[in-house]
Every structure is written in structure tokens, then in C-alpha cells.
Amino acid sequence: MRNVWIGIDTGGTFTDLVLVDVKSGNYIFHKVPTTPEDASKGILTGISEILDLARFAPADVGLLSHGTTLATNAVLEGKWAPTGMITTEGFRDVLELARQRRPSFFNLDIPKPVPPALREARIEVPERVGYDGEIVTPLDTDAVRAATRKLRDLGCESVAICFLHSYATPEHEQRARDAVKAEWPEAYVCASSDILAEFREYERFATATVNASLMPVMDRYLQRFENGVRSLGIPDEPRVMQSNGGAVSPDAVRRAPVNTFFSGPAGGVIGAASLGVAAEVNRIITFDMGGTSTDVCLIRDGNPNNQSVREMGGFPVRTRTLDIHTIGAGGGSIAWVDPGRLIKVGPKSAGARPGPACYGRGGELPTVSDANMALGRLNQKTLLDGRMPVYPERARVALEKHLCQPLGIDLERAASGVLEIVNVNMMGAVRVISVEQGEDPRTYALMPFGGAGPLHAADVARTVGMPTVFVPQRPGLLSAIGLLHADARGDFSVTRLVPMVPGSLAGLKDGIEGLRERAEDWLKAEKLDKDLAIHEWHVDMRYFGQNSELSTSFNRNLTEAELERLAEVFHGMHEQNYGYRMPEQTIEVVNLRLTVIVRRPVPPAWKQSGGGESIEKALIEVRPVWFAGTGFVDTKVYRRESLPADATLAGPVIIEQMDTTTVVPPHSKVRIDRIGNIFIDLETVR
Amino acid sequence: MSNTVDAITAEVVARHLYTISEEMAAALIRTSFSPNIKERADCSTAIFDAAGRVIAQAHRVPVHLGSMIGAVDAIKQRFDEADIRPGDMFAANDPYNGGGTHLPDINIVAPVFWRGKIVAYVANIAHHSDVGGMVPGSEAAVCRSIFQEGLRIPAVRLVREGKINRDLQEIILLNSRTPDERRGDLNAQFASNFAGIRSVEALFERYGEKTEATIAAFLDFTRARFEAAISKIPNGVYVSEDFLDGDNEGEKARIALKLTVQDKRMVFDFTGSAPQLTWARNIPHQALVATICTVAKSMLDPDVPANAGYFDTMEIIAPRGCVVQPCDPAPVGCRSISCGVLGDAIAAAMSQAMPEKALAGSGPHHLVVFSGPDPRNDTYFVNYETIAGGMGARPSRPGIDAVRVHASGAANLPIEALEHSYPVRLERYALRDGSGGVGEKRGGHGVIREYRAMADGIRVSLSAERQHVPALGAGGGGAGAVGEFILNPGKPNETRLGSAMADVDLPRDSVISIRTPGGGAYGKAVSK
């Protein structure tokens, strides 16, 4: 029986591992230091250790699911492979012209990002396809071969093939790809229509070039990782989490490393969604607050929203991604006084080193964590279950020196001000993702995780007007847990810019057939059972002349009647979203999308081991803690693991556990459910 | 300084306001129609206090800043506050009567009421791709009077207590070559303001009576911050000049600037600038304000919040009737290109005060407007495009290639979207090699973009600056190349066109090449 499942989430400082024995339902958690030079080293050590801790053999492992930051780090640090580009004659600079906007309107010293394919490695070849897919100039394959030789001589490892209108007719790109392969079989090759068959050339070319530049890097990493896993004696190949929340084979990730940019955050969101379903909470906004950044995502009925474009290292990478919004503020964000004597928080962070002043690792500037320390919200002696000593006095010194003295305010006001400012930034993120999706955040519950989420969640929820905070059992490990919940998922799309009229049916059906074939190939390559696959078809539409689309699902067997139904649906969606409809205006189809999902078995829910006998026995101490409206009050501090299931408490209280601290403000009630989730119900206060 | 409000509450309320302006921008971009707004993001949103001072702005295009300030002022002048009701919205675009900067930018402004009185205004601006006038796109340097540039809208009430004034709206629509698009874009502008009103009301509910004092304090904090930045440059008088392309080929028109820095204030005096031009290169008052505010912020403190607090540290002197203060009915359609040159003059003066952060001259964008029948769907099309030039270099870095400079900032239109929408085909889109000035740090390169006409009856209107006068280098660096419009490049009938032309015939299969100017270099070249 291969009943052991392992999830591994690689973070900047620590690699989190979670192991579940699906037969008994027992969970084991483990943390090892991340090994930045080669993350697979730390992971493999962690796997051996967690198997030892759980007393299982590698041969017992039935699922190994991995969240990776490799592609993200490679882009942010520019550690990609030397890459060449073969493109349509006249257009090699598209990648550098970008959208002609300055990266910052006011900061004149922020340059455009340097593309992975430098100018001398971008070679034009004769070919041209028109907007309608007609071939205007035939492809010169000899020129492609000559370009290939030149790129090889330049020392490139990878080649992106980027032709105009290739979403309409991919034939030229496919022939060019074959020609490159024939001339140079070892090259990594990515054709833009293979990775993103959608219009808007700059975004498609950037996506293809970034993808090509990561293929060699990802391949080498996965090679080491897979070899390591195999030599440990784990029988199956591992799975890798993608930004779309689905986990796939290493080979799928080798072909499309850009699909893993939000691998780690996606794990957290998938974990949150599964907990929401289990607890029957249908509307959740996740709030994943770490040391340097915070991710928020809206989940409706267990489904996180998706989006198609994310900026990565300054490039508009278009891949299907859970709609996760990131803001550059976290526990390590530094508070400072601007020249106008206004307090600002971030964007600079103290990071892991030197870290917040109260960690005693050399940090001297006041951070958000220092404000929490000074206000009694964090344990005044140690964190991480006693493993990490803290120094509250250093937090107070940092706040005094850098905020109180320059502004002439007291410590309490400075520290509470830092929290107020960081919380209002968080509020902005929660509101903007809601408004963008036409949702009212006040009808959602906030689910905090990450090390700092539960410290701030109640205050953020109250600022937004959200009634409930839902703190999962292991907020610090939710991303790793989420990896165990990931289904297999592939996303495919193609642009078909045609009016939504019966005359377009043939072209649309052709597009649908193309997507179906790609999905079938993918299922085969992933060794997944076709009969278990769920196919979800979506079409992006807009009024002719508009430039952003609304998406709705459709029936694959497209008929005139279905087109009429879609038109009616679109008018209705437009009215709902924007307040008006234009019944006379032609509707235009933009993209066809197919999502293929093969569900995986769900792991058993983690049960809080035992749970305590009584609330009284869970009490650690009583200490003064600051809250808005009351100032410092003596507040009971409980150990989460010792709180009994079904317990209720009235705020203010503090609840501590190894991986986080939950702050429960006055005028709120705490409910603990049967499996140990914490719900904070907030009363409205003025 | 409002002592009753602390630095924390002010920052918190400011973050709230900024979030609201971002929400308004998200609503506007999501719901608008024209590629101009959607793809190129040629739109902005802002919140004003009851006195009409900007308190928060979502940055999309800096030059819009001046236009929105002007529109709110114009409304306050024209309407008695007692006559303004909740649910009203006002439109304005006229540079002389509506506080605008050129006619295609239509401002929509709405009051926000709380406890029965106006506590704020929300506003947004969108660039409409055609508001009538003699040329499609309503923007061409050849216009000789603002009456040729399109429909002039003073501050008027377009929505009364939530109901659109259809009669007025029909006048606006009938005056555009593309009325359906205008209707959709105006609806999007209303939707954006509705979102803003709801959120500002909620903010006042939350912070109650002290909200207005808090906002005032935030402006004071912002002013103090910018004063600190100004005090880092030496007091003194700094003089610069630069030149617009003149009325006729080969002519030029001077922008003269005397900048006085004294006691944390800056005075920008344009006395001595050339008389207003007969062509639409003039810079109306609000565009002058926006350009000064943008360049001063970029040079001194890029992160200062864009609000009235820092605007108050600057004073402008510009004699009436000159190129930077034209009188009604002087044409102003191409002011955003001229503002590129104006921005260089401002940067040049400030560079003398802070040589270690000097900025060389830049190549402003060129404007090209195609129009004609589209035989593919029997419609009449207007396609308005701006094509970036190269930015000037600084001591610390070379000039950035192919970007919009100073107060302008809209994005380009993707080739694949262009060819789907209009009967033209791109032959080439490339960096213009050799166009950046030569020096220790080279100037940014301009762009080459070449279009082939794919249908009969297409005409093109062209507008540019820096086709007569190049972007100068700084610290001994070389100048950038001047821009060019070339018809049928490399063919026997190759023709260089003027820097401002209207309705040039583009017969089927002919090619027009747009070559934008490069930026100036910084410092002498190390070796030849």
C-alpha cells in the first residue's frame, strides 16, 4: 500500500514539508532550511527526514507534490539561459519596444527590463501572415536554418520562434520549429503559438521568450530533483504545482516553465479553497502575509478566480494563473518618516537578514513585526514554540529612535500607527481585487495564513467591513498542505477574432477542434485517463470595438442556437458588470478557452491531535496587549493546540501556536469548530 | 499645518483615497470602448476636495492632471454650489472655458455629498478618439483655430440627479465621426464616477466630521515633503530655452524659461517666449501646469504624492498670447507633443541647479491619424496612434529607447489589434538605430514604424515636434536625430513630408514611414 503523500513548498528561508498517511489520517509536519544554490538539495534532505520522522519507507510514497520558486527566482535574478529569437522580418525589436510606456512615470531612472533574447540574438526571417491567417509572404526555411546556426554560434541554448499572427495560422511557426530542431537537435525550442495562441504580439513574444529562456534552467533542476527522488527509492515521478492550481508531470513543466511562476502561492490558495469547502464557507478572500509580501485571492464556491496576465520581472507573462494579487508589504516591512514628516511603511523590507529589530539578528530599523512586539501582540519571550528567542526591548528602541523622536509621539501611537498604515494597505488590496471582479468583499470571509496573516486579519477584515475571519489550523503550512489537494489541470486557449454570427461557426468549430486535440495530447502525455477528464469550455467576448472581454462557459457542440444563447448571456453579463447593454452592437468572439481537469483523491482532513480538555488549561499567560479603542488591556493568551474543539471565547484574546499568532480584538467572538478551525465573528464597531 | 491631525491618520486616509482612485481607474478601463482607453490606457482618475484641490490621483497619463484640475475649477466658477445636486455629473473639454488641455480629452466630474453638502469631487478623463473638427482624430498640428479642432464643451451638466441629459449627449455624439464608441466611453466614465462617489461617501461615513481636516493635513504634509526636496537645490536663477517647430517648414518657436529657486519655492517665468503660433502646437494653461508639476516631481521627488500639496510650492508666470499661454481661439490640439519640448526646457533649467542629476533633451512622440473607408465591413474608421521617441540621458544612465516622455504616457497599439481593426498592414516596427545622441551616455533611440495602405481612400494626418530642432545633449553630449515622415521610403517617388500635415492621400499599397526623434546624450563621447 503506497499510502504516504508528501507536499513540499520551497520558500525563501524555509522549505515546508507535510506528510499524510492517507490510511490513518495522521499528519507529520517538518521544516528544513532552503538551499538557495540548489533547492533540490534541501528538499531531498527534507524528504528523507520526514520519512524517518513518520517511520515510513520511500517505497510507501504514493504522491510527491512540489511547489517551486525556481522559475520566479531565475527571472527576478536574471539567471536565465542565453536565448535567441527567430522572428518576422521587420519586427525583431517588438520585444524591446514593449508598449512604449516608461516603467515609472515619475522615476526617470527605472529602465525597461532587458529581454532574455538580446538584440544580436534576435534574427529576422522572411515570412508574413496576415490578420486573417492568410499567408502574405511564404516562410524562408533556409533563412531559419541559417539563423539557427548563428544563434548556436552565439552561444544560445534556447530559441523562441515568434511570428506575427501565429495564433491565426501557426503553420509558419511549426515549420520553423521543425527546421530549428533539424539543424540543431539539442536546442530547446519554444514557438509562441505553442505556449500562447492569443493575439497581441508583444505579450505573446515576451511570454514565449521568457519561457524559452527558462526551459534549460528548469530541465536541469528537474533532472537533479527527479534523479534524487528516484535514488531515494520513491517509485513514482513527482508532481509540480503550476500557477493555475493544478499539479502536473515534470515533463509538462519542462515544456512550459512559465506556468509555475505562482506555484507556491497557488498551493496556499488551493489549500484555502479545500478548507473552505470542508467547512462549508463558500466565499473566501485569502490573506497570505509573509515577511516581505502579501498575497490575496478571492475564492467563490471553492473556485479561485483565474486570470491570464501577470507581470513577472517587468514582462507581461500570459499564462493561466489563479488571480492572486501581491502587495509588497509584510511583517518585515520597514516603517520610516518621509521628508514631510508623514509615517510610511515599506516598500523596503528587513527580510530574513537583518530582520526585524526584535529578532536580535542585527536589525535596527522598526518593522511591522516590531510594532506587533511593542504592542504585546507577539509573545514577549520566544516564537516558534520556544525555538526562537525575541527581544522586545530592541523593538521599542527601534520605534523610539526612528519614529517617536523625529515626530514627537509616544511609543504606543507610533506602533499602533504602523499597524494602522500597513492594514489600510492590505485593505486596498482586498478591495481592488473585489471591485475588479464585481464582488462586494463584505459578503466574504477573510482567511489568513502565512506567518503574519492571523496577526493582522481581524483588523484588516474590520477595515474592509468583512464580518468573519477564518483561521485555518496550520496557517504557516497551508501552502504545503494545499499541494496535497491539487488536481491535474491543463489550460488551452486560442484567439478567434470573429463576429458572433452564424457565418463564423465553421471557424469557431475549427478552433474548438484544435483545442480538443491539444487537450487530448496533453492527457496522453500526462498519462491521465481521458474518461475521467472534465472539460470546461469558455469563450471571451466583447462588443465590437471594445478591448476587454467578458468570459462565459459554452457548450462545445456549438450551434446557431448556442450562439444566440451566448449573445443573450453576454448582454446580461455586460449589464451586470458595467450597468448597460448595447443590443444593436455586434458581439465579437476573442478567445476560446479549454480547461481540462482530472480530479485526484482528496487527502483526509487534518485533525487537531486530541484537542485540550478545557479552555482554562489552554491558558499560557495574561499580558497587556494593545487594541484600537481600548489601548493596552490585560489579555488572556491561549495555546491553540490545547483549546478544546467547539470552544467559544470572547475577544480580546491572543491565541499562540508554533507557526503563527492570532489576534482576536475586543467586540468579537471566537468559535472553534470540530476539526480545530478558528472563526472570529466581528461585531460592527464605529 | 493642521496640528489636530497626526501623521498616522493622515497617511491612513490618504491610502484610502488612493485606493478609491485606483478602483475608479479599474472601473473605467474595464468598461470603456475605444482602444485608446482600453489598450493604450489614455485615461486618468482623481479625487478633489470641496475647494477643488487634487487630493488623490491614479497615475495613467500625467498631462491629464492639469486638465482635471481645470475642469473642477471651471465647474465651480460656472455653477452655484446650491444648484448642484447629488447624482449630477458635469462634462468639460474646452481649454479656454472648461479647464481642458485639448478637445479630445473629455472630463467628467461629479460632486460627492455627505450630510447634505459637497465634501469632494470625483473626476475622470478619457481621450476620445474623435470629437469632430476638420481632421479625423480631432488633433492635428495644421489646425489654425480651436474651432477646427472639434466640439468645444464648456463646463455643462450632462447628468442631472442620476439622469443623463439625452439632448446634450446627442449633440456630443453627432459631432463625432465615431458616435457609438463615444457613447460607450461616456458610459464608462459615468460608471467610474459612480464607483468613486460610493467609496468616498463610505470614507466620510467612517472618519466622520474630521475627514476634511485630515485631508487638508495630508496636503500640508505633502507640501512640507516637497519643500524639503526643493531646499536641497541651491537658491538661484536658472535660465534655459528650447524650440518648438514653427508654423512653416524650417521655422522654430522659442520657449524661454527663467527658473527662480528661493526659500523652498520655485517660480517658473516664461517671459520672452515666442508669440502663439497659428498652428496647433500651442500649450494651453492647464497643460503648462501639468507639465511643470510632472517634471518637477520627476526631477526632485518621484514618490511625492500627486496632489495639490506639492503644486502649491510652485508659481507660474506666462504672458498672455505666447506659445505657453495662448489666447482663445488659438489651436492647441497637439499640445502633448509640444509639452515634450516644454518638459525639456524645464528639465534643462533644473539640471543647472542639480548637475549630478541632469537630464538631456528627449524626442517627443509623433502623432499619426489614419482615416477612411474600411471595405471589409463597410465602415468609416479613424485610427489615432502616437509613436514614441527616445528619452534623454543622465550622468547615471543612457537614455531609454522608445518611450513616451515627460507628461505624456499612453501605450502603443498592438500590431495584431491594429491590423484586425483597420485596413493597414505594418511593414516594420523597429528601434531607429543611430537616432540617440552620441556621448558618454548615449541618448535613447527613437522608433521606425511603417504602414502600408490596404484599401483605397485612406488619408493620414501627421503632427510632430523636433523635426526642425533636435533634442539637445547635456554635459557636452551630442543631440538626438530629428524626426521624419517619409512617404514611400526607398522608392523612386520617395517624399519627405512636413512636420505637420493634414489629410495626406495614402493610395492603396503606398507606405508611410514614421521615424521619431532620438534623445540627447550626456557627456562627451569617450573615444571617436
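Residues numbered from 1 in each chain as written. Chains lettered and ligands numbered in written order. Predicted model: local features only at pLDDT ≥ 70, side-chain atom pairs only at ≥ 80, totals over all residues.

**Re the overall build of chain A**
Turning to step 1, where the next piece is worked out: The secondary structure content of chain A amounts to 17 helices and 37 strands.
Turning to step 2, where the next piece is worked out: On C-alpha atoms alone, chain A measures out to a radius of gyration of 26 Å, which is about the 26 Å that the 2.2 N^0.38 rule sets for 686 residues.
Turning to step 3, where the next piece is worked out: Each of the three principal axes of chain A carries a C-alpha extent, and together these read 80 × 60 × 50 Å.
Turning to step 4, where the next piece is worked out: Buried residues in chain A amount to 53% of all 686 residues.
Turning to step 5, where the next piece is worked out: Restricting to contacts in chain A with at least 6 residues of sequence separation, those with at least 24 account for 66%. (Helix = DSSP H or I, 4+ residues; strand = E, 2+ residues; numbered from the N terminus. Rg over C-alpha atoms; globule rule 2.2 N^0.38 Å. Buried ≥ 20, exposed ≤ 12 C-beta atoms within 10 Å, placed from the backbone. Contact = placed C-beta atoms within 7 Å.)

**Digging into the interface of chain B and chain A**
Turning to step 1, where the next piece is worked out: With 57 residues of chain B in contact, the opposing surface of chain A contributes 54 residues.
Turning to step 2, where the next piece is worked out: Broken down by secondary-structure element, the contributors of at least two residues to the side of chain B that touches chain A are helix H1 (7-31), helix H2 (35-38), helix H5 (179-207), helix H6 (211-230), helix H7 (285-300), helix H10 (415-421) and strand S14 (424-431) of chain B.
Turning to step 3, where the next piece is worked out: Partitioning the side of chain B that touches chain A into residue classes produces 27 nonpolar, 11 polar and 19 charged. (Nonpolar A, V, L, I, M, F, W, Y, C, P; charged D, E, K, R; others polar.)

**Let's talk about the nonpolar core**
Turning to step 1, where the next piece is worked out: Judged by nonpolar contacts, the single largest core of 372 residues is most densely connected at Val-418 of chain A together with Ala-123 of chain B.
Turning to step 2, where the next piece is worked out: What Val-418 of chain A contacts, discounting residues up to four positions off in sequence, is Ala-335, Ile-343, Val-345, Val-368 and Ala-371 of chain A. (Core = buried A, V, L, I, M, F, W, Y, C linked by C-beta atoms within 7 Å.)

**Some points on the sheet that holds strand S2 (residues 14-21) of chain A**
All names here are of chain A.
Turning to step 1, where the next piece is worked out: Reading across from one edge, S3-S2-S1-S4-S11-S12 is the order of the six strands in this open sheet, with mixed pairing throughout. Edge strands, defined here as strands with exactly one partner in the open sheet, are strand S3 (26-33) and strand S12 (247-248).
Turning to step 2, where the next piece is worked out: Bridge analysis of strand S1 (residues 4-10) against S2 gives seven bridges, and the strand direction is antiparallel. Across the sheet, the residue bridging to Thr-10 is Thr-15, located in S2.
Turning to step 3, where the next piece is worked out: Contacts from helix H1 (residues 39-54) reach S1, S2 and S3, with the element oriented near 145 degrees to S3. (Pairing = 2+ DSSP bridges. Axes fitted to C-alpha atoms, helices over the stretch in contact; angles between N-to-C directions.)

**Some details on the pairing of strand S15 (residues 447-453) of chain B**
Residues and elements named next belong to chain B.
Turning to step 1, where the next piece is worked out: Here S15 lies mainly inside the structure; five of its seven residues are buried.
Turning to step 2, where the next piece is worked out: In the sheet, S14 pairs with S15 via seven bridges, with the strands oriented antiparallel. Bridge pairing in S15 places Tyr-429 opposite Arg-449.
Turning to step 3, where the next piece is worked out: The sheet contact formed by S15 and strand S20 (residues 511-515) spans five bridges and is antiparallel. Bridge assignment links Arg-449 to a residue of S20, and that residue is Ile-514.

**Focus on unusual backbone geometry**
Turning to step 1, where the next piece is worked out: Residue Pro-347 of chain A follows Gly-346 of chain A across a cis peptide bond; omega there is 0 degrees.
Turning to step 2, where the next piece is worked out: Of note, Pro-347 of chain A is situated in strand S22 (residues 343-349).
Turning to step 3, where the next piece is worked out: With omega at 5 degrees, the peptide bond leading from Gly-651 of chain A into Pro-652 of chain A counts as cis.
Turning to step 4, where the next piece is worked out: Inspection of the secondary structure assignment puts Pro-652 of chain A in the loop between strand S33 (648-650) and strand S34 (653-657).
Turning to step 5, where the next piece is worked out: Positive phi outside glycine occurs at Asp-263 of chain B, with the angle close to 50 degrees.
Turning to step 6, where the next piece is worked out: Residue position: Asp-263 of chain B is located in the loop between strand S9 (252-262) and strand S10 (265-269).
Turning to step 7, where the next piece is worked out: The exposed category is assigned to Asp-263 of chain B, around which 8 C-beta atoms lie within 10 Å.
Turning to step 8, where the next piece is worked out: Notably, Arg-466 of chain B is not glycine yet its phi reads approximately 60 degrees, a positive angle.
Turning to step 9, where the next piece is worked out: For Arg-466 of chain B, the position within the fold is in the loop between strand S16 (458-463) and strand S17 (484-487).
Turning to step 10, where the next piece is worked out: Residue Arg-466 of chain B is classed as buried on the basis of its C-beta count, with 33 C-beta atoms lying within 10 Å.

**As for the environment of Arg-496 of chain A**
Residue and element names in this part refer to chain A.
Turning to step 1, where the next piece is worked out: By the element assignment, Arg-496 lies in strand S27 (residues 488-499).
Turning to step 2, where the next piece is worked out: For the pair Arg-496 and Leu-592, spaced 96 residues apart in sequence, the C-alpha to C-alpha distance is 7.0 Å.
Turning to step 3, where the next piece is worked out: Apart from the residues lying within four places of it in its own chain, the contact partners of Arg-496 are Gly-507, Leu-508, Gly-511, Val-589 and Leu-592.

**Re the packing of H1 of chain A against helix H7 (residues 201-232) of chain A**
All names here are of chain A.
Turning to step 1, where the next piece is worked out: Direction vectors running N to C along H1 and H7 enclose 20 degrees, while the axes themselves pass 10 Å from each other. The angle between H1 and H7 falls in the class roughly parallel. Note that H1 runs across H7; the crossing there is right-handed. Facing H1, whose interface residues are Ser-40, Ile-43, Leu-44, Ile-47 and Ser-48, H7 presents Tyr-221, Arg-224, Phe-225, Gly-228 and Leu-232.
Turning to step 2, where the next piece is worked out: Grouping the constituent residues of the contact of H1 with H7 by class yields six nonpolar, three polar and one charged. (Parallel < 35°, antiparallel > 145°, perpendicular 65-115°, else oblique. Left-handed = near helix turned anticlockwise from the far one by under 90°.)

**Section: the domain arrangement of chain B**
Turning to step 1, where the next piece is worked out: The assigned domain composition of chain B is domain 1 (7-222) and domain 2 (358-528).
Turning to step 2, where the next piece is worked out: Each side of the interface is counted separately: domain 1 of chain B has 21 residues, and domain 2 of chain B has 21 residues. (Domains from an automatic or database assignment.)

**Quick word on the sheet that holds strand S30 (residues 587-598) of chain A**
Residue and element names in this part refer to chain A.
Turning to step 1, where the next piece is worked out: Pairing is antiparallel across the open sheet formed by four strands, whose spatial order is S27-S30-S28-S29. In the strand order of this sheet, the two ends are held by S27 and strand S29 (550-553), each with one partner. Between one strand axis and the next, the sheet turns by 20 degrees as a mean value, whatever way the strands run.
Turning to step 2, where the next piece is worked out: The pairing of strand S28 (residues 534-543) with S30 spans 10 bridges and is antiparallel. Residue pairing across strands places Asp-540 opposite Asn-591, the latter belonging to S30.
Turning to step 3, where the next piece is worked out: With respect to the sheet, helix H15 (residues 505-525) is in contact with S27, S28 and S30, its orientation differing from that of S27 by roughly 165 degrees.

**A short note on the domain arrangement of chain A**
Turning to step 1, where the next piece is worked out: Its domain assignment divides chain A into domain 1 (1-56), domain 2 (75-219), domain 3 (488-598) and domain 4 (615-682).
Turning to step 2, where the next piece is worked out: Its C-alpha centre places domain 1 of chain A at a distance of 30 Å from the equivalent point of domain 4 of chain A.

**A word on the pairing of strand S37 (residues 678-682) of chain A**
All names here are of chain A.
Turning to step 1, where the next piece is worked out: Only one face of S37 is covered, namely the face carrying Ile-678, Ile-680 and Leu-682; the face carrying Phe-679 and Asp-681 is uncovered.
Turning to step 2, where the next piece is worked out: Bridge count for strand S26 (residues 468-471) against S37 is four bridges, and the pairing is antiparallel. Each residue of the ladder has a partner; that of Val-471, found in S37, is Ile-678.
Turning to step 3, where the next piece is worked out: Pairing of strand S36 (residues 668-672) with S37 involves five bridges; the strand directions are antiparallel. Bridging from a neighbouring strand, Arg-671 pairs with Phe-679 of S37.
Turning to step 4, where the next piece is worked out: Taking the residues that link successive antiparallel strands as the turn, the S36-S37 hairpin has five residues, and the phi of Gly-676 there is positive, at about 100 degrees.

**Considering the packing of helix H4 (residues 166-174) of chain B against H5 of chain B**
Residues and elements named next belong to chain B.
Turning to step 1, where the next piece is worked out: Put simply, H4 and H5 touch, their axes get as near as 8 Å, and they point 130 degrees apart. Between H4 and H5, the interaxial angle falls into the category oblique. The two elements H4 and H5 cross, and the hand of that crossing is right-handed. Residues Ile-172, Leu-173 and Leu-174 of H4 pack against Pro-179, Arg-182 and Arg-183 of H5.
Turning to step 2, where the next piece is worked out: For the contact of H4 with H5, the residue count by class is four nonpolar, no polar and two charged.

**Section: the environment of Leu-550 of chain A**
Turning to step 1, where the next piece is worked out: Relative to the helices and strands, Leu-550 of chain A resides in strand S29.
Turning to step 2, where the next piece is worked out: Along the primary structure Leu-550 of chain A and Val-253 of chain A are separated by 297 residues, whereas in three dimensions their C-alpha atoms are 29 Å apart.

**Some points on helix H9 (residues 263-278) of chain A**
All names here are of chain A.
Turning to step 1, where the next piece is worked out: In this model, H9 (16 residues) spans 23 Å end to end at C-alpha, consistent with the 22 Å of a helix rising 1.5 Å per residue.
Turning to step 2, where the next piece is worked out: Counting buried positions along H9 gives 14 out of 16 residues, so the element sits mostly inside the fold.
Turning to step 3, where the next piece is worked out: After H9 finishes, the residue Glu-280 shows a positive phi value of roughly 55 degrees. (Expected span 1.5 Å × (residues − 1).)

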